[in-house]
Amino acid sequence: MAEQTIQIQYLDDSIKRLEYIGGKSDWIDLAAAETVTLKKGEFRLIHLGVAMKLPQGYEAHIAPRSSTFKNWKILQVNSVGVVDCSYCGKEDWWRMPVLATEDVTIEKGSRIAQFRIMENQPKLNFVETVLEDKNRGGFGSTGI
Ligand SMILES: O=c1ccn([C@H]2C[C@H](O)[C@@H](COP(=O)(O)OP(=O)(O)OP(=O)(O)O)O2)c(=O)[nH]1
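Throughout this description, residue numbers start from 1 for each chain and increase along the sequence as written. Predicted model: local features are reported for residues with pLDDT of at least 70 only, side-chain atom pairs are reported and counted for 80 or more only, and whole-chain, interface and lining totals are derived from all residues. Each side-chain value is derived from all of the structure's non-hydrogen atoms; neither hydrogens nor water enter the calculation.

Peer 1: When you look at the site of the ligand in this model, what are you seeing that I'm missing?
Peer 2: Being near a molecule or strand, for a residue, means having at least one of its heavy atoms within 4 Å of it. Surrounding the ligand, one finds I62, N78, G81, V82, V83, D84, Y87, W94, R95 and P97. Under this definition, polar contacts are N or O atom pairs within 3.5 Å; protein pairs additionally need one hydrogen-donor-capable and one acceptor-capable atom, and for neighbouring residues in sequence, both atoms have to be side-chain atoms. N78 is positioned with one of its side-chain polar atoms (N or O) 3.0 Å from an oxygen atom of the ligand. In this structure, an oxygen atom belonging to the ligand sits 2.8 Å away from a side-chain N or O atom of D84. Secondary-structure elements contributing two or more residues to the shell around the ligand are β8 (81-83) and β9 (95-100). Broken down by element, the residue count for the shell around the ligand peaks at 3 residues, all from β8. When residue character is reported, Ala, Val, Leu, Ile, Met, Phe, Trp, Tyr, Cys and Pro are called nonpolar, Asp, Glu, Lys and Arg charged, and the others, Gly included, polar. Tallied by class, residues from the shell around the ligand come to 6 nonpolar, 2 polar and 2 charged. Helix numbering and strand numbering both begin at the N terminus, where a helix is a DSSP run of H or I of at least 4 residues and a strand a DSSP run of E of at least 2.

Here's what the structure looks like:
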């Protein structure tokens, strides 16, 4: 598969450098850039310590790691973070919006999220119409 290069800026020297690890999963882990203490029910935009210029025609998707809730009892409130390629300024730091479901301290360096880049979708043109195909049904219509 073709390789891509990403220009990346780290908050400071203490931030662990990102690493692409092929094989198991090609999603790249992201870590909290600060130690954060949250009360149950508290919201915070956790600094992830990186800003990037994505390759032209790509965006990035940020998701929690599978173990994030188990370890820290936090939920990523936007479910999936979408970083568009215009978010590339020197202060455009990546953040993870989280809600604490319990009192918790997340230590700096904790790998709480992961991301991958995705190619932008093609330009979409919307043509208004009245649909005539048979209903499929949804929301559990095929049974359990
Ligand atoms: O989990 C996320 C989601 C987004 N962003 C950054 C990158 C993205 O390009 C920017 C804006 O995100 P989005 O467009 O989804 O947010 P919005 O609520 O529509 O805000 P805006 O008016 O700034 O576009 O915020 C993050 O750092 N983390």
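Next comes the rest of the write-up.
Peer 1: Before we go on, may I ask you to explain the nonpolar core in this structure?
Peer 2: Side chains of a nonpolar character, in soluble globular proteins, are inclined to be buried together. Here, the term nonpolar core denotes a set of buried Ala, Val, Leu, Ile, Met, Phe, Trp, Tyr and Cys residues that are joined through side-chain atoms within 4.5 Å. Exposure classes here rest on a 1.4 Å probe applied to the protein chains alone. A residue is buried below 20% of its type maximum, exposed above 50%, and partly exposed in between. In this structure, L30, L38, I74, W94, I106, I112 and F115 are the most contacted members of the largest nonpolar core, which totals 29 residues. Here this core takes 4 residues from strand β11 (residues 111-119), the largest share from any one element. For I74, the residues in contact, after removing those within four places along its chain, are L38, T68, F69, V98, L99, A100, V104, I106 and I112. Between two residues, a contact is recorded if the distance between any of their heavy atoms is within 4.5 Å.

Peer 1: Is there a simple way to explain the pattern of salt bridges in this structure?
Peer 2: As a working rule, side chains carrying opposite charge can pair if their charged atoms are close by. By definition here, a salt bridge exists when the distance from a side-chain nitrogen of Lys or Arg to a carboxyl oxygen of Asp or Glu is within 4 Å. Within the structure shown, the criterion is met by 4 salt bridges. With a closest N to O distance of 3.9 Å, R17 and D13 form a salt bridge. Residue R17 is classed as partly exposed on the basis of its relative accessible area, which comes to 40%. The salt bridge partner of D29 is R111, with a shortest N-O separation of 2.4 Å. A residue pair is termed long-range when its members are at least 10 positions apart, and D29 in strand β2 (residues 28-31) and R111 in strand β11 qualify at 82 residues. For D29, a relative accessible area of 26% puts it in the partly exposed group. Under the relative-accessibility criterion, R111 is labelled partly exposed at 41%. Several salt bridges share partner residues, and in doing so they unite D29, R65 and R111 into one network.

Shape is all these values report; function is a separate question.
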